[in-house]
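Observations on the three-dimensional arrangement
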Amino acid sequence: MRTATARFALLLALLTVSLTGCAAVEEDGDGRTYAAVRSRASVGVAAARARRTRVPKDQYLAILTKRRAENSFQFGRLSCDLWAPFRCETSGGLYDPRKAAATDGAIFCLELDGRATNPLQFYGICSQVINGGLNVYAYSHTSGSPLGSQFFAGATEVDLAIEADGANLRFLARPTGITNWTSLAQFPFAKQTIPLLPALGVSRMNEGALVGFDNAQITSNGTAPALLRPEQVLSRDIWEAVHPQVRALHLLDGAGPDFPAATAQLTQAQVLLETAIATAESTDLGDPKLDKRVRQGLSRGRTSLNVAVRLAGKGKGAPSIVNRLKQGLLQQINAAGLAYPPDANP
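This is a predicted model, so every value here is computed, not measured. (Residues numbered from 1 in each chain as written. Predicted model: local features only at pLDDT ≥ 70, side-chain atom pairs only at ≥ 80, totals over all residues. Heavy atoms only, no water.)

Across its full length, the protein carries seven helices and 15 strands. Burial analysis of the protein (346 residues in total) assigns 51% to the buried set. Residue pairs in contact within the protein that sit at least 24 positions apart in sequence constitute 67% of those at least 6 positions apart. Looking at the protein as shown, the accessible area adds up to about 15300 Å², and 51% of this sits on carbon and sulfur atoms. (Helix = DSSP H or I, 4+ residues; strand = E, 2+ residues; numbered from the N terminus. Buried < 20%, exposed > 50% of the residue type's maximum accessible area, 1.4 Å probe, protein only. Contact = heavy atoms within 4.5 Å. Areas by Shrake-Rupley, 256 points an atom, 1.4 Å probe, with all protein chains shown as cover.)

Rendered as structure tokens:
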């Protein structure tokens, strides 16, 4: 069984914008979803401590369960339509060693779901914590068994990706930190007829289990094969502005922020966001209050983005820039979902 709850929809939005800090952002009887940070020994923790400087931190999103969860999958979907050629990826795994024993058997997934399909059409790649490593497998609604799998012995973190080139759909994985990807499966995918929505999900989370997601992003996306309705055009334009901002966040995360590359992405995003704002001003969503909320969200997103660009130009620290970006991105992602919700017909 697969469910898409408001809690997990919020999870995915927050993951996308890489929230800082450790404050809980959502909690219910089963657990909580919150932003967290971890030290990265591979990027000079010992040296930083010796110099009495701040230990490098890597931001990620944690999913912690308070009690044993059901075996059913729970997914959160974004309202961004994917059309081939596209590529969507994320990292995930055991980001808190103290929770390793409780997390044994847990499953975390990247999935693409057919918009408004009933029964649901889905294509995914999951990783299960098992036998001292991670067992990664590809699956879809077309088959009752995995399409392909790979066990990464000793791995605690893994990168997952799904891509389409206009001819085939591919499922890829690799232990985080490894250069080469392993292809788990692929099959013909030349005649895409409905858009796919990116989603993250978890299952089989024991009491006290903690799974982390990091660096979720859509690295490329194609165009719809048919004319779009006004609300679809607006959503597309908003997401076009969101993607470079997300890339900038990843470039600024951790111990080695790349300010020039991040600034280039933010400058590109400024142009794209102005296009989205112009589209919003000329689009009638059929509800004046909804029109106002979408336009206000984009205006607030523009303010945060412009401040982030100014901070980058003045050489301000990466955390200050990220804080501004996350505020604006939440506004923009929310605006896109209001204009064209993930459960709306294609």
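Most of strand E12 (residues 168-175) is tucked away, with seven of its eight residues classed as buried. As paired elements, strand E11 (residues 157-164) and E12 share seven bridges and run antiparallel to each other. Pairing of Ala-164 across the sheet is with Leu-169, part of E12. Two successive antiparallel strands, E11 and E12, enclose a turn made up of three residues, where Gly-166 displays a positive phi of approximately 100 degrees. In sequence, E12 turns back onto strand E13 (residues 182-188) through a hairpin of six residues, with Gly-177 there showing a positive phi of about 100 degrees. (Pairing = 2+ DSSP bridges.)

For the rest of this paragraph, the subject is unusual backbone geometry. Glycine aside, the phi torsion of most residues is negative, and most peptide linkages are trans. For the peptide bond that leads from Ala-84 to Pro-85, omega is 0 degrees, which places it in the cis range. Along the polypeptide, Pro-85 turns up in the loop between strand E5 (73-77) and strand E6 (86-93). Going from Asn-118 to Pro-119, the amide bond is cis rather than trans, its omega being 5 degrees. Positive phi, normally seen in glycine, also occurs at Asn-131, with a value near 55 degrees. Topologically, Asn-131 is positioned in the loop between strand E8 (122-130) and strand E9 (133-140).

Turning to the confidence of the model for the protein, a few remarks are in order. Per-chain confidence: the protein averages 83 in pLDDT, with 82% of residues scoring 70 or above. A low-confidence stretch, residues 1-30 stays under pLDDT 50, and its non-local contacts, those more than four residues away or across chains, total 94 contacts. Contacts from residues 39-56, a stretch scored under 50 in pLDDT, to residues over four places away or in other chains number 20 contacts. (pLDDT = per-residue confidence, 0-100.)

What follows is about the packing of helix H4 (residues 230-252) against helix H7 (residues 318-339). At their nearest, the axes of H4 and H7 sit 9 Å apart, and the two run at 160 degrees to each other. Compared by their axis directions, H4 and H7 come out roughly antiparallel. The handedness of the crossing between H4 and H7 is left-handed. Where H4 abuts H7, its residues Glu-231, Leu-234, Ser-235, Ile-238, Trp-239, Ala-241, Val-242, Gln-245, Val-246, Ala-248, Leu-249 and Leu-252 lie against Ala-318, Ile-321, Val-322, Leu-325, Leu-329, Gln-332, Ile-333, Ala-335, Ala-336 and Ala-339. (Axes fitted to C-alpha atoms, helices over the stretch in contact; angles between N-to-C directions. Parallel < 35°, antiparallel > 145°, perpendicular 65-115°, else oblique. Left-handed = near helix turned anticlockwise from the far one by under 90°.)

Moving on, we get to a positive patch on the surface. Together, Arg-310, Lys-314, Lys-316 and Arg-324 give the surface a local cluster of positive charge. Relative to the assigned elements, Lys-316 resides in the loop between helix H6 (288-313) and H7. (Patch = residues over 30% accessible without salt bridge, like charges linked within 9 Å, V, L, I, M, F, W, Y side chains within 5 Å. Salt bridge = Lys/Arg side-chain N within 4 Å of Asp/Glu carboxyl O. Lys, Arg positive; Asp, Glu negative; His and termini not counted. Charge placed at Lys NZ, Arg CZ, Asp CG, Glu CD.)

A few words now on the packing of H6 against H7. Each pair of packed helices can be described by the angle between their axes along with the distance between the axes. It is the contact of H6 with H7, at a shortest axis distance of 8 Å, that shows an interaxial angle of 160 degrees. In terms of orientation, H6 and H7 fall into the roughly antiparallel class. Handedness of the crossing formed by H6 with H7: left-handed. When its residues are assigned to classes, the contact of H6 with H7 shows 13 nonpolar, eight polar and three charged. (Nonpolar A, V, L, I, M, F, W, Y, C, P; charged D, E, K, R; others polar.)

For the rest of this paragraph, the subject is H4. Compared with an ideal rise of 1.5 Å per residue, which puts 23 residues at 33 Å, H4 spans 34 Å between its outermost C-alpha atoms and is within 8% of the ideal. Just downstream of H4 lies Gly-254, where phi reads positive at about 90 degrees. (Expected span 1.5 Å × (residues − 1).)

Attention shifts here to the environment of Gly-301. When you line up the elements, Gly-301 lands in helix H6. It is 6.3 Å that separates the C-alpha atoms of Gly-301 and Leu-329, two residues lying 28 residues apart in sequence. Excluding residues that lie within four positions of it along the chain, Gly-301 makes contacts with Leu-273, Gly-328, Gln-331 and Gln-332.

The description of two aromatic rings rests on the distance between their centres and on the angle between their planes. What the rule picks out here adds up to six aromatic pairs. Measuring from ring centre to ring centre gives 6.0 Å for Phe-122 and Tyr-139, while their planes differ by 50 degrees; the resulting arrangement is tilted. Of this pair, Phe-122 sits in strand E8 while Tyr-139 is found in strand E9, placing the two residues 17 residues apart along the sequence. In this structure Tyr-139 comes out as buried when scored by relative accessible area, which is 8%. On the numbers, 5.6 Å between centres and 75 degrees between planes, the contact of Tyr-123 with Phe-189 is edge-to-face. One end of the pair, Tyr-123, is in strand E8; the other, Phe-189, is in the loop between E13 and strand E14 (196-203), with 66 residues separating them in the sequence. (Phe/Tyr/Trp six-rings, centres within 6.5 Å; stacked < 30°, edge-to-face > 60°.)

Moving on to the side chain of Ser-127. Turning to its location among the elements, Ser-127 is positioned in strand E8. Once residues within four sequence positions are removed from consideration, Ser-127 is found in contact with Ala-106, Ile-107, Phe-108, Leu-134, Asn-135, Val-136 and Val-158.

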